[in-house]
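Per-entry structural report
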Amino acid sequence: MSEHFGYSPSFKRPAEILRMRCKRARSDTGAGSTDRPEQSGSSPTCVRTFSPEPLSGAQNHSGVGIKRRNPFAKIENTYSPKKKRLTFSDASCNPENSDSSGITNNERDEESSKREGALDLALSFRLDEAQKQEYRQASSQKSGSLSDSDVLLEEEPEHIKSPLLKSPQASAPTAAPVCTQYPADWSLKTRLLLTSLVSLSWAEQLKAQEEAQGLSQHCRAQFSSLPHSPQDPRSCSELRCAFQQSLVYWQHPSIPWLSLFPRINAERSFFGKSAPWAHDATIQQSLMTEWSVSLSSLYSLLKARLCPYFYLCSYQFTVLFRAAGLGGSSSITAFISPTTRGLREAMKAEGIEFTLPLLEEQRRCREAQKQTIHQEEEQEEQEVTCSKLSDTVDGGDHDGDYRDEDSTLSWLKEMGVQDKIKKPDLHTLHLHKEGHVMSVDHKPESVICVKGLHTFTLINFFINWKGVVASSGSQAGLPPTLLAPSAFRGATMHTLKSRCVNVRRQVGSSYQNISSLEITGPVLPSSLHAILTLLRPAQKGNFSAALYTHTPTAVMNVHSTKQQVGEASVELSSCGLHPASIQQLQQPSTLGKTALTHITMNNYSYTWKN
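- Going by the annotation in an unreviewed UniProt entry, the name recorded for the protein chain is Downstream neighbor of SON, with Maylandia zebra given as the source organism.
- Regarding the protein chain, the UniProt comment filed under Subcellular location (unreviewed entry) reads as follows: "Nucleus".
- As stated in UniProt under Sequence similarities (unreviewed entry), the record for the protein chain gives "Belongs to the DONSON family."

So this is what it looks like as structure tokens:
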């Protein structure tokens, strides 16, 4: 290693090596004969010795002084056995073979080999076109014999030129489809958790005037126009009033010290609370009378399309009543979930016709499968029959294989024990026939659908049926809860509870500030749509919502009928909902027996999970 004068393990990158060689070539041209004798080609190893001081008195073609040279930038210092052997060969340093110009024949061969190796090096690292053009212009200004840098900067042959690569940004990206609406969800939500990188503090601490304006707009069914992209949502009075308006819902009965939603599996929330009606028949009768009036009022509003929908929440089931024109149905529909055999038998006794959509769908699937299997069996039987006919022609006897059902029981008559066998009665046969229907009690598959005029009979059934109220337990004597987006007789105005919290989320090695808004209470479908519509401009089209569904109501997104109607929003314009909410609820739900769990908006486009 000691004989390689000027060798250093600290290598520079090829691009920097070429750049410094080009500068050295320019400086050699400008210096001319001012170089000192010790820098000529008579050096024993043909490598210029290291000079720590800048060369004095030398000027390049641009008139600027030559900077101190770095001897470790020589191309020979890069590791290549071929170049090392050519550079430091003994023949290249033999003074006897030198001609009159001071350059030997071996040095010319070495020069040619170095040029070829440098060309391979340049091709392997693929300098960009801009650097090559700059170096070619600098090389064209030089005179005299070709140097190593001239060879390195020669133009590449046509067959080995690298193709021009395009940046990914050069090609126009395909625009992603924008989804401006999410599917209608008829399930009740118990909690919403909204998160966004933009602050949600505008939704809290409303002024008294803004709160009053929002309540007034809700009662009068007035909707103010909102700015498309408010600069400061906290100072936008229209946005804050509309948010207060979207939180309002109506409920009956209303007991201040009790939370009357949800009612299924809610015994813990009633435990230890005062219930003066539990053992007083007079109070129970008064509560039921007022509840019957409120329920009749709600159905009248629904029939007149002044109320779009309402919920009846009992201690064992939940009922959704929808006005005609909503959910793709041309008539009033009612969904009850979950149900039991006792409830279904009581409704049949009152003459109420209903269907079980999920069971019918399963039955259709089974029938389609059976039909396919039956066709395959028929083909097999035809093949077997053909083979048996051929066997009969050959003299086979198969009369015993085609006996009827009476002949199969003839041996019981011969033994005299036919009368001793117990035959199943009609009731047992009926239970066996409906065994699969009874097995779905208290399950989502037990949802039933009532349509048309039978919904009016259903209202009377609930008013007169004693099973609608619990006879024992913490909810004994308490009528079911009625929830609606519009005012009705005996209803009390309530608002959803909202709370804004700022949290920090870890992203990699840093933390990111996230604003969250929590809304609790019975979130109706129209309230959910109104809240998300307000977040669209306020959060710059970027937010996420986690939805917590009341489980018994998740199945209410099932299809009630195949008939779809294109009802205009004008026919439901007096129901008290925003026209955009009406348009969404008119569409048939595509969720089936599931409900939405997450809704995300990214760049004003919806995505969801169910």
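1. Some words on the layout of surface pockets
- Roughly 700 Å³ of internal volume is contained in the second largest pocket.
- His-529, Ala-530, Thr-533, Leu-534 and His-578 are, among the 30 residues lining the second largest pocket, the residues nearest its centre.
- Those elements that provide at least two residues to the lining of the second largest pocket are helix H6 (208–220), helix H7 (237–246), helix H17 (525–538) and helix H18 (579–586).
- A per-element tally of the lining of the second largest pocket places H17 first, with eight residues.
- Of the residues contributing to the lining of the second largest pocket, the split by class is 13 nonpolar, 16 polar and one charged.

2. Regarding unusual backbone geometry
- The omega angle of the peptide bond from Phe-261 to Pro-262 is -5 degrees, so this bond is cis rather than trans.
- Considering the arrangement of structural elements, one finds Pro-262 in the loop between strand S2 (248–252) and helix H8 (267–270).
- Along the chain, Ser-337 connects to Pro-338 via a cis peptide bond; the corresponding omega equals -15 degrees.
- Of note, the phi angle at Ala-221 is positive, near 55 degrees, even though the residue is not glycine.
- Position of Ala-221 among the secondary structure elements: in the loop between H6 and H7.
- What makes Ala-221 partly exposed here is its relative accessible area of 35%.
- Although it is not a glycine, Asn-603 adopts a positive phi angle of roughly 55 degrees.
- With respect to the helices and strands, the residue Asn-603 is situated in the loop between strand S12 (598–602) and strand S13 (605–609).

3. Some details on the sheet that holds S13
- Read from one edge to the other, the open sheet built from six strands follows the order S9-S10-S1-S11-S12-S13, with strand pairing classed as antiparallel. Here the strands that pair on one side only, and so sit at the sheet edges, are strand S9 (497–507) and S13. Averaged over all pairs of adjacent strands, the angle between their axes in this sheet comes to 20 degrees, without regard to strand direction.
- Judged from the six bridges that link them, strand S1 (residues 189–196) and strand S11 (residues 543–549) form a sheet pairing that is antiparallel. Residue pairing in the sheet places Thr-195 in a bridge with Ser-544 of S11.

4. Overview of the confidence of the model for the protein chain
- Considering every residue of the protein chain, the mean pLDDT works out to 76; 61% of them sit at 70 or more.
- Scored below 50 in pLDDT, residues 142–172 shows 37 contacts in the model against residues more than four places distant or in partner chains.
- Confidence drops under pLDDT 50 across residues 566–570; counting only partners more than four residues distant or on other chains, this segment forms six contacts.

5. A few points about the packing of helix H9 (residues 281–303) against helix H16 (residues 454–464)
- Between H9 and H16, whose axes approach to 10 Å, the crossing angle comes to 170 degrees. Between H9 and H16, the crossing angle belongs to the class labelled roughly antiparallel. Where H9 approaches H16, its residues Met-288, Trp-291, Ser-292, Leu-295, Ser-296 and Tyr-299 are matched on the opposing element by Thr-455, Phe-456, Ile-459, Phe-462 and Ile-463.
- Across the contact of H9 with H16, the residue classes break down as eight nonpolar, three polar and no charged.

6. Considerations on H18
- Every buried residue of H18 is listed here: Ser-581, Ile-582, Gln-584, Leu-585 and Gln-586.
- Buried-residue contacts for H18 involve strand S3 (309–313) and H17.

7. Some words on the pairing of strand S7 (residues 481–484)
- In S7, alternate side chains face the same way, and those of Thr-481 and Leu-483 on one face and Leu-482 and Ala-484 on the other are all buried.
- By the bridge criterion, three bridges tie S2 to S7 in an arrangement that is antiparallel. When the bridges of S7 are listed, His-252 appears paired with Leu-482.
- Here three bridges tie S3 to S7, and the two strands are oriented antiparallel to one another. Following the sheet pairing, Leu-312 is matched in S7 by Leu-482.

The rules behind each value
- Residues numbered from 1 in each chain as written.
- Predicted model: local features only at pLDDT ≥ 70, side-chain atom pairs only at ≥ 80, totals over all residues.
- Heavy atoms only, no water.
- UniProt positions renumbered as here; feature names shortened; annotations may be inferred.
- 1 Å grid on protein atoms, 1.4 Å probe; cavity = no way out; pocket = protein on both sides within 12 Å on 5 of 7 lines; lining within 4 Å.
- Points joined across faces, edges and corners; volume = space filled by probe spheres on them.
- Helix = DSSP H or I, 4+ residues; strand = E, 2+ residues; numbered from the N terminus.
- Nonpolar A, V, L, I, M, F, W, Y, C, P; charged D, E, K, R; others polar.
- Buried < 20%, exposed > 50% of the residue type's maximum accessible area, 1.4 Å probe, protein only.
- Pairing = 2+ DSSP bridges.
- Axes fitted to C-alpha atoms, helices over the stretch in contact; angles between N-to-C directions.
- pLDDT = per-residue confidence, 0-100.
- Contact = heavy atoms within 4.5 Å.
- Parallel < 35°, antiparallel > 145°, perpendicular 65-115°, else oblique.

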